[in-house]
Amino acid sequence: MMTSKNKKRDLFMGDEYWNESSRKVTPFDFDDDTDTDTFMTMLAAEVAFLRRRLAEAREVAPPPADTARRLALGEPCTLELYRPLAEKRQLLAETVALGDGDAVLVVVLFLKRTLKRSLFVAELRRQPVACEQYLAYLRARFSHADAADLLAMLGRVEEAAMVRYESAVRVRGGVEPQLRGLRHCLQAHLAPDPELALHTGLVRQQIDLLERQRPVEAADAPARPDLQLVGRSVLSTLHYCCLHHYSEPANHLASPAALRERHQLTERQYTWTALRARASLQAWADVQALFTSKAWFSSGKLRPVVPFEAAAEVLESFGATLETLSLYIASIDGTEKRLEHAKKFGCYKIVVDGYLSQKDRVSLEQYRATLKPHSEAHQYASDALRATVIPIC
Amino acid sequence: MTSALHLMHGRLRTNIFRDEARQKFVTLLDKTVGTKAIVWDERLTGPFGLVAEYSFLREHDVAKMFPLRAGRLPPSDVDTVVFLVRPEVGLMELVAENVQKEEEQGGRRKEFVLCFMPTGSGACERVLEERRVRGTFSQITCLEVRLLPLDADLLSMEYPLGFKEYALENDPSCLFEAAQALLEIQLKFGIIPSICGKGNAAKKVYDYLLNLRREHQDSEFPTVCEIDTLLLIDREVDLITPVATQLTYEGLIDEVFGIHNNTVKLPSEKFVKQDGGPIEMTNDRKQFLLSSAEELYADIRDKNFNAVGPALSRKAKQISAQYEERHSQSVSEMKNFVKNVLPTIKAAKESLGLHTSIAELIKERTDSESFLEALQTEQEMMNAIDTDRAHPHIEQLIAKKADLTRVLRLICLQSACNSGLKPRLMDQYRRDLLQTYGFQHALTLNNLERAGLLRTQGRTTYSALRRQLKLTVDDVNEQAPTDISYTFSGYAPLSVRLAQLLARPGWRSVSEALALLPGPTLMEEQPAPAAARNRRDTGPLGLSADDARLTLVVFLGGATFAEVAALRFLSSQEDAPTEYVIATTKMINGNSLISSLSEELVPVGGA
């Protein structure tokens, strides 16, 4: 019953429409408002027609370059039409070439859905940009396990280990899950690979540290309820142990010596931390011991494990007496430097004695001028000045 | 809040970007009915402050504004909730949560609109689908605003984490956006005939630009091109400048207090109201706008900090002198004085007061021992002194457990100035850092390595670069500078040196140095549309051929204020071969750069 009244309409309407006998087909006039109903009917018909067309179109895939562009521009398109692997590969290549990261991701997710895992990974290998995009996506969604697996499959073992590590340290819910994650990272990714020995060593240290912190925190909790030891750094933990467990034997978990041994801390690291901890308790003798050689026949002279002036600064901040400070300042090598720091810390005896030994009256007088009149220091300097007057025979 | 007048005085009318952004925003808002609440991606509120003040938004029925957070939205009685976010997958979880909780709440039925800036993302929509909220949105649209004018000669995309994305995650989205922004620029100001660049990101942006140009073949490009040269610089080419401490006034304000979209927050107690009125002591920080609309600021912002003091005293004298004029005036002149001159004097005085206070705050920092020690360390490193062993100052900082970002900046500087660190030294630093600050920082170190800021010793390039590009300069005049090295009191920003040499004598003369820098070198010509002509062609309506050339320098991955100052310095030189306009993906400094690559991890605690 096709009427040829309106050639244009013929192009749009399909058989379905014409088989509906209830339809009234009249030309309509856009200027006439009462034709709205007719217009709506025509629209409905057109929709039905287009649906059929679409169903037909579904079977043929447009060129991948077109789809890639549509994706980049945010226009609707369907990816399901690309079935053979070669077409999918081309689609991905085209999308990568255009540069829109988001479009690339959409295609990658499509490939993941529609390809066998090994094929999917192979395609990612061919398109590094797409691969990175996907990895970043996985990490943004916190799918660390998937990201790590993919990286491992791609042979990027160090990165796989890092991702696993990241997921381990980001885990919430306390120490136990984190330890589990770290151990898994160690066993699955790090230990097997000798190239990653550095990271392996560090993760082992981290695990050991957590396993040490836990029981110590638990044991000390009654005495110190606010204690937060778990999760602190090595040196921070050492500081705590130097404060509260300084004299524990080396087999005790909280013994500073044990910590030093296990984490192979340098003398400087250990001394600096212990110094700060013991100084805060004003345990000056302990501090001195740190700088004294343990050897049997040592002279008892202090060794600058940490520069003496730095040590003095710390001691001063915790209220050490001038006498204590002088012990360290006096040990500074090099007269110039020693005098400079002695002045800075107000160790007047050292300054005066120093100028005295150099027979430098001028500097001594200058120094005395900086001292408070009638103070002990001033007196000491004056006495020294008097002593340098050479009696004329 | 923001007057845009000063944007119109540059070589490029950057106010166009502001007006367009405003217009697009209004269009978006007017597409939704009734009263609105906007839920902001927090990183967008700053940039939008440059474009639309709150009063402007209120005129368009914006009743409430909330930052995007997890959980439930604060209660509001509006018709529509508009989410304005960057297209990031991570944010979608928050959006979904907000929407779900709002729906659960019942009560008034609200409409939800989702707006991405600048473009949408299929991946994001997928996440929303998974969370079953995609259908809840009545509109999913985008606000195509890519460039915001920070000043008449400075445009920024305010794209967060751009460098991290492309250097670390190999995600070219930032570069793609940059290319689109450049297309927008060309659609407004004409096809740029000459494109130069250095670095992998520069090449990528160039390729995208070519593609985009092909797509837009029918578009109408202006016939007159106002920009002569486009210079694309990948941040990876110069990783020294961002980690060194900037010494210009604006640079220091950014380093010490942080400038975000032309605003800075300063400790309130320094800025007590002069008239003794009640002080708004709600926060301990007061916010100030810094822009070249303020004459004094425009004058001192790019000076070396040591030249700011004298400049402020000069200004004080000038104001005094102006004020004294009132004594020698007739009655009619007096009337004019009170009406016209006095207000400007008052404004100038306020401005002087503000900057004197800011300068004092900065000086507290720059006079400190720690600052001076760090500066000396930096200068030693830039002069390649003793850079292949553990630096005592760095070791001291670690021993004192100083701020980690500060320490990392110095180590990265050492790495750059030593052309990479010896593996043993790298390991030593690594152990020291992890044992002092915690093992979890291994992630940050890993990131810095992958991004190229920390590297193991490769080709020794720094010494040659330093020599060939004159990166370190001995006699620097901070008061009356003769060279861009004044910005760091002795170090010329590598990136700006490249720009300088491009203009004169040209990159062919420094091809050896360029070869030492990472990534490809670009020197291309773009064919202009047939009808186009360069605005400096002779012709009765054309500008005279004497007009200086204009170069658009684009920093991909971030630019520092010191680099901006250096380029402005070059523009202001008497015999400048070209003037500069600057665009960047984001304004950065050493702290923000390192932070962007750091993994923020809360150490685990509790049982």
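Residues numbered from 1 in each chain as written. Chains lettered and ligands numbered in written order. Predicted model: local features only at pLDDT ≥ 70, side-chain atom pairs only at ≥ 80, totals over all residues. Heavy atoms only, no water.

J.: Got a sec to walk through the overall build of chain A? Specific residues and values, please.
T.: From N to C terminus, chain A includes 22 helices and 0 strands. Out of the 393 residues in chain A, the part that is buried amounts to 42%. In chain A, the share of contacts with a sequence separation of at least 24, taken over all contacts with a separation of at least 6, comes to 47%. As presented, chain A carries roughly 21900 Å² of accessible surface, and 54% of it is formed by carbon and sulfur atoms. (Helix = DSSP H or I, 4+ residues; strand = E, 2+ residues; numbered from the N terminus. Buried < 20%, exposed > 50% of the residue type's maximum accessible area, 1.4 Å probe, protein only. Contact = heavy atoms within 4.5 Å. Areas by Shrake-Rupley, 256 points an atom, 1.4 Å probe, with all protein chains shown as cover.)

J.: Break down the overall build of chain B for me, citing the residues and quoting the values.
T.: Of regular secondary structure, chain B possesses 23 helices and 17 strands. Taken over the C-alpha trace, chain B has a radius of gyration of 26 Å; the compact-globule value for 607 residues is 25 Å, and the two agree within 12%. Each of the three principal axes of chain B carries a C-alpha extent, and together these read 80 × 70 × 65 Å. Burial statistics for chain B: of 607 residues in total, 57% are counted as buried. Sequence separation of at least 24 residues holds for 77% of the intrachain contacts in chain B that already meet a minimum separation of 6. Only carbon and sulfur atoms are counted for the fraction: they give 50% of the accessible area of chain B, which is about 25700 Å². If you average the places of the 71 positive and of the 83 negative side-chain charges in chain B, the two averages end up 1 Å apart. (Rg over C-alpha atoms; globule rule 2.2 N^0.38 Å. Lys, Arg positive; Asp, Glu negative; His and termini not counted. Charge placed at Lys NZ, Arg CZ, Asp CG, Glu CD.)

J.: Report on the UniProt feature "domain: Vps16 C-terminal" (unreviewed entry) in chain A, specifying residues and quantitative values.
T.: The UniProt record annotates "domain: Vps16 C-terminal" (unreviewed entry) at residues 85-294 of chain A. A helix fraction of 74% and a strand fraction of 0% characterise residues 85-294 of chain A, whose end C-alpha atoms lie 73 Å from each other. (UniProt positions renumbered as here; feature names shortened; annotations may be inferred.)

J.: For the side chain of serine 291 of chain B, give the residues involved together with the corresponding values.
T.: Residue and element names in this part refer to chain B. Positionally, serine 291 belongs in the loop between strand S13 (285-289) and helix H11 (295-300). Residue classification places serine 291 among the buried residues on the basis of a relative accessible area of 10%. In this structure the side chain of serine 291 is engaged in a polar contact, spanning 3.0 Å, whose partner is the backbone nitrogen of alanine 293. In this structure, serine 291 is in contact with His6 and Tyr297, ignoring residues within four places of it in sequence. (Polar contact = N/O pair within 3.5 Å; in protein donor to acceptor, adjacent residues only side chain to side chain.)

J.: Please provide a residue-by-residue account of the sheet that holds strand S1 (residues 36-40) of chain B, values included.
T.: Residue and element names in this part refer to chain B. Pairing within the open sheet is parallel, and its 5 strands lie in the order S2-S1-S3-S4-S5. Strands at the two margins of the open sheet, each flanked by one partner only, are strand S2 (62-67) and strand S5 (137-142). Within this sheet the neighbouring strands show an average axis-to-axis angle of 20°, counted without direction. Bridging between strand S3 (residues 80-85) and strand S4 (residues 111-116) involves 6 bridges; their strand directions are parallel. The residue bridging threonine 80 from the neighbouring strand is glutamate 111, located in S4. (Pairing = 2+ DSSP bridges. Axes fitted to C-alpha atoms, helices over the stretch in contact; angles between N-to-C directions.)

J.: Could you give me a rundown of the confidence of the model for chain A, with the residues and numbers involved?
T.: Looking at chain A, the pLDDT average stands at 83 and 88% of residues meet or exceed 70. Helix H1 (residues 7-12) of chain A is the least confidently modelled element of chain A, averaging 42 in pLDDT, while helix H13 (residues 234-244) of chain A averages 94, the highest of any element. (pLDDT = per-residue confidence, 0-100.)

J.: Which residues make up the environment of glycine 122 of chain B, and what values do they have?
T.: Mapped onto the elements, glycine 122 of chain B comes out in helix H5 (residues 122-130). A residue is classified by how much of its surface remains accessible, and glycine 122 of chain B, at 26% relative accessible area, is partly exposed. Once the C-alpha coordinates of glycine 122 of chain B and proline 87 of chain B are considered, the two residues, 35 residues apart in sequence, prove to be 9.1 Å apart. Leaving out residues up to four positions away in the same chain, glycine 122 of chain B has contacts with Asp102 and Val106 of chain A.

J.: I'd like to hear about the packing of aromatic side chains, residue by residue, with values.
T.: Residue and element names in this part refer to chain A. For the coordinates displayed, the defined rule picks out 17 aromatic pairs over all chains. Considering the side-chain rings of tyrosine 134 and tyrosine 137, the 6.4 Å spacing of their centres and the 20° angle between planes classify their relative orientation as stacked. In this pair, tyrosine 134 and tyrosine 137 both sit in helix H8 (residues 128-140), 3 residues apart, roughly one turn of the helix. A residue is classified by how much of its surface remains accessible, and tyrosine 134, at 4% relative accessible area, is buried. Its relative accessible area of 8% is what places tyrosine 137 among the buried residues. For the pair tyrosine 348 and tyrosine 380, a centre-to-centre distance of 5.7 Å together with 70° between the ring planes defines the contact as edge-to-face. (Phe/Tyr/Trp six-rings, centres within 6.5 Å; stacked < 30°, edge-to-face > 60°.)

J.: An account of the sheet that holds strand S12 (residues 263-267) of chain B is requested, with residue identities and associated values reported.
T.: Strand-to-strand pairing in sheets goes through backbone hydrogen bonds, with the strands running parallel or antiparallel. All names here are of chain B. The strand order across the open sheet formed by 3 strands is S11-S12-S13, and the pairing between neighbours is antiparallel. In this open sheet, the two edge strands, each paired with only one partner strand, are strand S11 (259-260) and S13. Examined bridge by bridge, S11 and S12 share 2 bridges and lie antiparallel to one another. Across the sheet, residue isoleucine 259 finds its bridge partner in S12, namely valine 264.

J.: So what about the environment of alanine 399 of chain B? Which residues, and what values?
T.: Positionally, alanine 399 of chain B belongs in helix H15 (residues 392-399). In this structure, the C-alpha to C-alpha distance between alanine 399 of chain B and aspartate 432 of chain B, residues 33 residues apart in sequence, is 8.6 Å. For alanine 399 of chain B, the residues in contact, after removing those within four places along its chain, are Trp272 and Arg276 of chain A.

J.: Which residues make up the interface of chain A and chain B, and what values go with them?
T.: Listed per partner, the contact involves 49 residues of chain A and 45 residues of chain B. Interface of chain A and chain B: buried area, both sides summed, is about 4000 Å²; carbon and sulfur atoms make up 54% of it. Run the count over chain A and chain B and you get 6 salt bridges. Glutamate 130 of chain B is paired through a salt bridge with arginine 141 of chain A; the nearest N and O atoms lie 3.3 Å apart. One can count 16 residue pairs in polar contact (both at pLDDT 80 or more) joining chain A with chain B. Taken together, the elements giving at least two residues each to the side of chain A that touches chain B come down to helix H5 (85-98), helix H6 (101-114), H8, helix H10 (157-170), helix H11 (175-190), helix H12 (197-220), H13 and helix H15 (267-280) of chain A. Split by residue class, the side of chain A that touches chain B holds 22 nonpolar, 15 polar and 12 charged. (Buried area = accessible area lost by both parts, 1.4 Å probe. Salt bridge = Lys/Arg side-chain N within 4 Å of Asp/Glu carboxyl O. Nonpolar A, V, L, I, M, F, W, Y, C, P; charged D, E, K, R; others polar.)

J.: Break down helix H2 (residues 42-49) of chain B for me, citing the residues and quoting the values.
T.: For H2 of chain B, the set of buried residues is Leu44, Pro47, Phe48 and Gly49 of chain B. In this fold, the buried residues of H2 of chain B make contact with helix H1 (15-30), S1, S3 and strand S6 (148-151) of chain B.

J.: Requested: an account of the pairing of strand S17 (residues 578-584) of chain B, with residues and values cited.
T.: Residues and elements named next belong to chain B. Burial within S17 is extensive, with 6 of its 7 residues counted as buried. Here strand S16 (residues 549-556) pairs with S17 via 7 bridges, running parallel. When the bridges of S17 are listed, threonine 551 appears paired with tyrosine 580.

J.: Let's hear about the nonpolar core: which residues, and what values?
T.: Residues and elements named next belong to chain B. Ranked by internal contacts, the top residues of the largest apolar core, which has 243 residues, are Phe25, Leu232, Ile253, Leu453, Leu552 and Leu556. At 10 residues, helix H7 (residues 173-189) tops the list of elements feeding residues into this core. What leucine 232 contacts, discounting residues up to four positions off in sequence, is Leu182, Ile195, Cys196, Gly197, Lys198, Ala202, Val205, Tyr206, Leu522, Val554 and Leu556. (Core = buried A, V, L, I, M, F, W, Y, C linked by side-chain atoms within 4.5 Å.)

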